[in-house]
Amino acid sequence: MLRCAMGTIPTTTAVQPDRRSWTYADYCRIPPDRYRHELIDGRHFVTPAPSPYHQTIQARLLYELMRLVEKTGLGRVLAAPLDVHLGRGTLVQPDLVVLRARNRSIIGDKKLTGVPDLLVEILSPSRRSYDRRTKRARYERAGVGEFWLVD
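Values in this document were obtained by computation on a predicted structure and should not be read as measured data.

J.: So what's going on with the environment of Val 98? Residues and values would help.
T.: Note that Val 98 resides in strand β9 (residues 96–100). When its relative accessible area of 8% is taken as the criterion, Val 98 is described as buried. Spatially, the C-alpha atoms of Val 98 and Glu 70 are 9.5 Å apart, while their sequence positions differ by 28 residues. If near-sequence neighbours (up to four positions away) are discounted, Val 98 is found in contact with Leu 65, Val 69, Arg 76, Val 77, Pro 116, Asp 117 and Leu 118.

J.: I'd like to hear about the layout of surface pockets, residue by residue, with values.
T.: Taken as a whole, the largest pocket holds about 380 Å³ of empty space. Residue lining of the largest pocket: 17 residues in total, with Asp 33, Tyr 35, Arg 36, Pro 81 and Gln 93 positioned closest to the centre. At three residues, the largest contribution of residues to the lining of the largest pocket is made by strand β4 (residues 35–40). When grouped by side-chain class, the residues that make up the lining of the largest pocket number ten nonpolar, four polar and three charged.

J.: So, helix α3 (residues 128–142): which residues are in play, and what are the values?
T.: The terminal C-alpha atoms of α3 lie 20 Å apart, and with 15 residues this matches the ideal 21 Å at 1.5 Å per residue to within 8%. Of all the bends in α3, the greatest, near 35°, is centred on Lys 135. The set of residues buried in α3 consists of Tyr 130, Asp 131, Lys 135, Arg 138, Tyr 139 and Ala 142. Of the surrounding secondary structure, the elements contacted by the buried residues of α3 are β4, β5 (43–48), β7 (84–87), β8 (90–92), β11 (118–122) and β12 (146–150). At the C-terminal side of α3, Gly 143 shows a positive phi close to 90°.

Conventions used here
- Residues numbered from 1 in each chain as written.
- Predicted model: local features only at pLDDT ≥ 70, side-chain atom pairs only at ≥ 80, totals over all residues.
- Heavy atoms only, no water.
- Helix = DSSP H or I, 4+ residues; strand = E, 2+ residues; numbered from the N terminus.
- Buried < 20%, exposed > 50% of the residue type's maximum accessible area, 1.4 Å probe, protein only.
- Contact = heavy atoms within 4.5 Å.
- 1 Å grid on protein atoms, 1.4 Å probe; cavity = no way out; pocket = protein on both sides within 12 Å on 5 of 7 lines; lining within 4 Å.
- Points joined across faces, edges and corners; volume = space filled by probe spheres on them.
- Nonpolar A, V, L, I, M, F, W, Y, C, P; charged D, E, K, R; others polar.
- Expected span 1.5 Å × (residues − 1).
- Bend = angle between axes of the 7 residues up to and from the residue.

Dropping the structure here:
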């Protein structure tokens, strides 16, 4: 557990392991809070909001990727919080997403539905193992073309 101004918050954990498999409809019923909620193969994971240092790294990478991808017309770059629906029971919020121009059709009103060309995860102490193992394995199974772990 971590301590913060909000009180005690969990590190990355699966919650309610005995519950039936979570769906996108279940996810949509989660009330707004300051946690990051994700579904991996029907399991609900909760992590604390990113730190200012994490957000600084994300902003710098976002700037560079936008300069290289969007400014040259190669595609779109999107940043968390953003829901990416990778299939039944899996909805993730990667730190950054890159879509080539030909793959823009996966952009919906509320989420991306499909496999992005690049997913970027910036490692945080509370999410290290989760990003390296759980999310990486799921991204591979989904057929994500490129995955960056930024440490």
